[in-house]
Amino acid sequence: MNKGEVMYEGKAKIMYATDEPDKVLVYFKDDATAANGEKHGVIQDKGIINNKISEYFFKLLKSNGINSHFIEVVSDREMVVKLLRMISLEVVVRNVAAGSLAKRLGLEEGTPLKVPVLEYFYKSDELGDPMLNRYHIMAIDIARVHELDEIEHIAFCVNTILKDNLRSKNIDLIDFKLEFGRDDKDKIVLADEISPDNCRFWDMATHEKLDKDRFRHDMGGVEEAYKEMLTRLTM
Ligand code: 5GP
């Protein structure tokens, strides 16, 4: 497979066309941003680690019946994925109050939620990714109701599968963000990545943060946390 033109460059990844029209090559960068792009930095080897961790989770999901865009890893920082038409939504699932939910509802970080919470955010840098509900999404034609049903079904399945797997590695899955696209048959398919960039992982015993919050809040030990996650998942 040959790497073609850059199709899209985001904050953490570059998507390249390939000589196979239904496949895209994703390159994972070490660049990190936070606070709606206001904070920039580099997390050494993050691209390598996120490529490996995403591969681990996409394979885990596949073995549990959840398909994603993932096809194969082709180098340290690159995976080949299915070309999808992306839906401009961030789908967040939460098990424990943290981050923006803790702030919005005045809850102490770490407060367990009685049921998992699913939230939608509109992917728009211009608007600062505002929160949406199903009515907004249908009203501005981002997705249709049967697609949202499918997205929610997949998101909650992902939650159960990841939570159970992580528990066996002494990690609590606090929350995570997923993205979805439509394939050539308009089927909803899980996309993007699953890594410490877009999940909150806490050590079960100590509640030590093993994710991007260490970068967001200048806590130090960022590289070590990403490495620790990879080690726990794959050793
Ligand atoms: P919060 O809304 O609390 O900031 O984030 C909830 C979860 O979604 C966290 O696991 C966070 O990592 C993830 N998340 C939310 N927005 C983004 C985003 O724009 N980029 C990335 N990489 N993750 C996000």
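Above this text sits the structure in question.
About the criteria used
- Residues numbered from 1 in each chain as written.
- Predicted model: local features only at pLDDT ≥ 70, side-chain atom pairs only at ≥ 80, totals over all residues.
- Heavy atoms only, no water.
- Helix = DSSP H or I, 4+ residues; strand = E, 2+ residues; numbered from the N terminus.
- Buried < 20%, exposed > 50% of the residue type's maximum accessible area, 1.4 Å probe, protein only.
- Near = heavy atom within 4 Å.
- Polar contact = N/O pair within 3.5 Å; in protein donor to acceptor, adjacent residues only side chain to side chain.
- Areas by Shrake-Rupley, 256 points an atom, 1.4 Å probe, with all protein chains shown as cover.
- Nonpolar A, V, L, I, M, F, W, Y, C, P; charged D, E, K, R; others polar.
- Patch = residues over 30% accessible without salt bridge, like charges linked within 9 Å, V, L, I, M, F, W, Y side chains within 5 Å.
- Salt bridge = Lys/Arg side-chain N within 4 Å of Asp/Glu carboxyl O.
- Expected span 1.5 Å × (residues − 1).
- Arc of directions from axis to C-beta.
- Contact = heavy atoms within 4.5 Å.
- Pairing = 2+ DSSP bridges.
- Axes fitted to C-alpha atoms, helices over the stretch in contact; angles between N-to-C directions.
- Phe/Tyr/Trp six-rings, centres within 6.5 Å; stacked < 30°, edge-to-face > 60°.
- Lys NZ or Arg CZ within 6 Å of the ring centre and 35° of its normal.

**Quick notes on the environment of Glu38**
For Glu38, the position within the fold is in the loop between strand E4 (31–34) and strand E5 (39–42). Given the relative accessible area of 70%, Glu38 is considered exposed. Sequence-wise, Glu38 and Ile87 are 49 residues apart; in three dimensions their C-alpha atoms are separated by 24 Å.

**Re the site of the ligand**
The immediate surroundings of the ligand are formed by 15 residues, with Arg94, Ser100, Asp175, Arg200 and Arg216 found nearest. In the model, an oxygen atom of the ligand is placed 2.8 Å from a nitrogen or oxygen of the Arg94 side chain. Between Arg200 and the ligand, the recorded distance is 2.9 Å, taken from a side-chain N or O atom to an oxygen atom. Within the complex, 78% of the 490 Å² of free accessible area of the ligand lies under protein. Those elements giving two or more residues to the shell around the ligand turn out to be strand E9 (89–96), helix H2 (99–105), strand E12 (171–178) and strand E15 (199–203). By residue class, the composition of the shell around the ligand is four nonpolar, three polar and eight charged.

**Concerning a nonpolar patch on the surface**
Taken together, the side chains of Met7, Tyr8 and Leu83 define a hydrophobic patch exposed on the protein surface, amounting to about 310 Å² of accessible area. Within the secondary structure, Leu83 sits in the loop between strand E7 (78–82) and strand E8 (85–86). A relative accessible area of 38% means that Leu83 is categorised as partly exposed.

**What about helix H6 (residues 222–234)?**
Owing to its 3.6 residues per turn, the α-helix brings residues three or four apart onto one side. Along its 13 residues, H6 runs 19 Å from first to last C-alpha, staying within 8% of the 18 Å computed at 1.5 Å per residue. Of the residues making up H6, those classed as buried are Val222, Ala225, Tyr226, Met229, Leu230, Arg232 and Leu233. All buried residues of H6 project into a common sector of 165 degrees when viewed along the axis, lining one side. Contacts from the buried residues of H6 go to helix H1 (46–63), helix H4 (145–167), E12, E15 and helix H5 (213–216).

**Section: the sheet that holds E8**
Taken in spatial order, the three strands line up as E8-E13-E14 in an open sheet, and their pairing is antiparallel. Both edges of this open sheet fall to E8 and strand E14 (188–190), since each of them pairs with a single strand only. Strand direction decides the pairing type here: strand E13 (residues 180–182) and E14, joined by three bridges, are antiparallel. Each bridged residue has a counterpart across the sheet, and for Gly181 the counterpart in E14 is Val189. The sheet contacts of H4 involve E13 and E14, and relative to E14 the element is tilted by about 25 degrees.

**Considerations on the packing of aromatic side chains**
The tally for this structure, following the rule as stated, stands at three aromatic pairs. Aromatic side chains Tyr56 and Phe57 sit 5.4 Å apart centroid to centroid with 75 degrees between the ring planes, which places their arrangement in the edge-to-face category. Among the aromatic residues, those joined into a ring-pair cluster are Tyr56, Phe57 and Phe201. Geometry around Tyr16 places Lys3 over its ring, the cationic atom sitting 4.5 Å from the centre. Lying over the aromatic face of Phe215, Lys39 brings its terminal NZ or CZ to 4.9 Å of the ring centre.

**Some words on the sheet that holds strand E3 (residues 23–28)**
A sheet is described by the order of its strands in space; here five strands give the open sequence E1-E2-E3-E7-E6, paired in antiparallel fashion. At either margin of the open sheet sits one strand with a lone partner, and together these are strand E1 (3–9) and strand E6 (70–75). Between one strand axis and the next, the sheet turns by 30 degrees as a mean value, whatever way the strands run. Across four bridges, E1 lies against strand E2 (residues 13–18) in antiparallel orientation. For Val6, the partnering residue across the bridge sits in E2 and is Tyr16.

Everything listed here is a matter of geometry and, on its own, says nothing about what the molecule does.
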